[in-house]
Amino acid sequence: MTTHDAIIGRFFEDYIVGDVYQHPFGRTITDADNVWLTNLTMNTNQNHFNEHFAAQNPITDGKVIVNSGLTVALVLGLTVFDMSQNAISNLAFTDIMFRHPVYVGDTLYAESVCTEARRSKSREYAGIISMTTRGLNQEGTTVVTWKRSVMVATKASGIGQDYFPESADAVTDYS
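All values reported here derive from a predicted model rather than from experimental measurement.

## Here's the deal with the packing of aromatic side chains
No. 1: The tally for this structure, following the rule as stated, stands at 3 aromatic pairs.
No. 2: The interplanar angle of 85° and the centroid separation of 6.2 Å between the aromatic rings of F25 and F81 together place this pair among those described as edge-to-face. Here F25, found in the loop between β1 (20-22) and β2 (27-28), pairs with F81, found in helix α3 (residues 68-83); they are 56 residues apart in sequence, far enough to count as distant.
No. 3: When its relative accessible area of 35% is taken as the criterion, F81 is described as partly exposed.
No. 4: Here K63 stacks its cationic end above the ring of Y103, 3.9 Å away from the centre of that ring.

Written out as C-alpha cells, the structure is:
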C-alpha cells in the first residue's frame, strides 16, 4: 500500500513562464452570495440588491448586477489551487479591469498565465511568481482581468508540507 502525502498546490519550482493554468473549478453566483457580500461590506449601491431600482440601469439591461468585490474575490479564490496554494505572501495586485457585467446565475471560471518566476533575493526559501488572470463567465466572455504577484515557498523549504498528523493509534487495517 502506498501513502500519498497531504500536499496540494504548486511550489516555486513547479512554475514555468508562459504556462497557462485553466483552474479546475467553476462557481455559480447566487442571489444570497451577492446580497450577503454587499451587506457585509456595507455597500449601499442599490444596483446590487434592489430589482426595482436596478431596472433603471441601462448598462445592466435593468438587471441586478453582482457586486464587483464579489467578482474579484470569487475569481481570485478559483485561482488559489494552482497559483497560490503554497504562497507565503501576496505582493501585488494591479490593473484590475471589469470587462463585462456579472449577474446572479452566472458561473465564473478562471485562467492564469505565469508571466515571471524568479528566486527571492532576500528569502532563500521562496520565489516570486507573477501572473495575469482572467475570469470568464459560462459563455466564455471575459468579465475581469488583473496582474498579481505572490511569494511562493520552494519545495526545499518544507513550508506547506508534513502537516498531516501521525495517527495516535496503531490501526492499519482499513477494512
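## Focus: the environment of V66
No. 1: In this structure, V66 sits in the loop between α2 (51-54) and α3.
No. 2: In this view, V66 contacts I29, N34, H48, T71, V102, Y103 and V104; residues no more than four positions away in its chain are not counted.

## What to know about the pattern of salt bridges
No. 1: Going through the model one piece at a time under the given rule, you end up with 6 salt bridges.
No. 2: Measuring nitrogen to oxygen at the nearest pair gives 3.8 Å for the salt bridge that ties E116 to R118.
No. 3: On the basis of relative accessibility, which here comes to 35%, the residue R118 falls in the partly exposed class.

## Section: unusual backbone geometry
No. 1: Phi angles above zero are rare outside glycine, and M42 is one such case at about 60°.
No. 2: The topology assignment puts M42 in the loop between α1 (31-40) and α2.
No. 3: We classify M42 as exposed; its relative accessible area is 71%.

## Comments concerning α1
No. 1: For α1, the set of buried residues is D33, N34, L37 and T38. Buried positions in α1, seen along its axis, are confined to an arc of 120° and lie on one side of it. Residues of α1 that are exposed and point over 90 degrees away from its buried face: W36 and L40.
No. 2: Each element contacted by the buried residues of α1 is listed here: β2 and α3.
No. 3: Phi turns positive, to about 60°, at M42, one or two residues after α1.

## Description of the nonpolar core
No. 1: Counting 14 residues, the largest nonpolar core has I29, V75, V102, L108 and V144 as its most contacted members.
No. 2: If you list the elements that add at least two residues to this core, you get α3, β4 (107-119) and β6 (142-153).
No. 3: At 5 residues, the largest contribution of residues to this core is made by α3.
No. 4: Excluding anything up to four places from it in sequence, V144 contacts T71, V72, V75, I96, M97, F98, R99, T133, R134 and G135.
No. 5: Formed by 9 residues, the second largest nonpolar core is a distinct cluster that contains F12, Y15, C114 and M131.

Analysis parameters
- Residues numbered from 1 in each chain as written.
- Predicted model: local features only at pLDDT ≥ 70, side-chain atom pairs only at ≥ 80, totals over all residues.
- Heavy atoms only, no water.
- Phe/Tyr/Trp six-rings, centres within 6.5 Å; stacked < 30°, edge-to-face > 60°.
- Helix = DSSP H or I, 4+ residues; strand = E, 2+ residues; numbered from the N terminus.
- Buried < 20%, exposed > 50% of the residue type's maximum accessible area, 1.4 Å probe, protein only.
- Lys NZ or Arg CZ within 6 Å of the ring centre and 35° of its normal.
- Contact = heavy atoms within 4.5 Å.
- Salt bridge = Lys/Arg side-chain N within 4 Å of Asp/Glu carboxyl O.
- Arc of directions from axis to C-beta.
- Core = buried A, V, L, I, M, F, W, Y, C linked by side-chain atoms within 4.5 Å.

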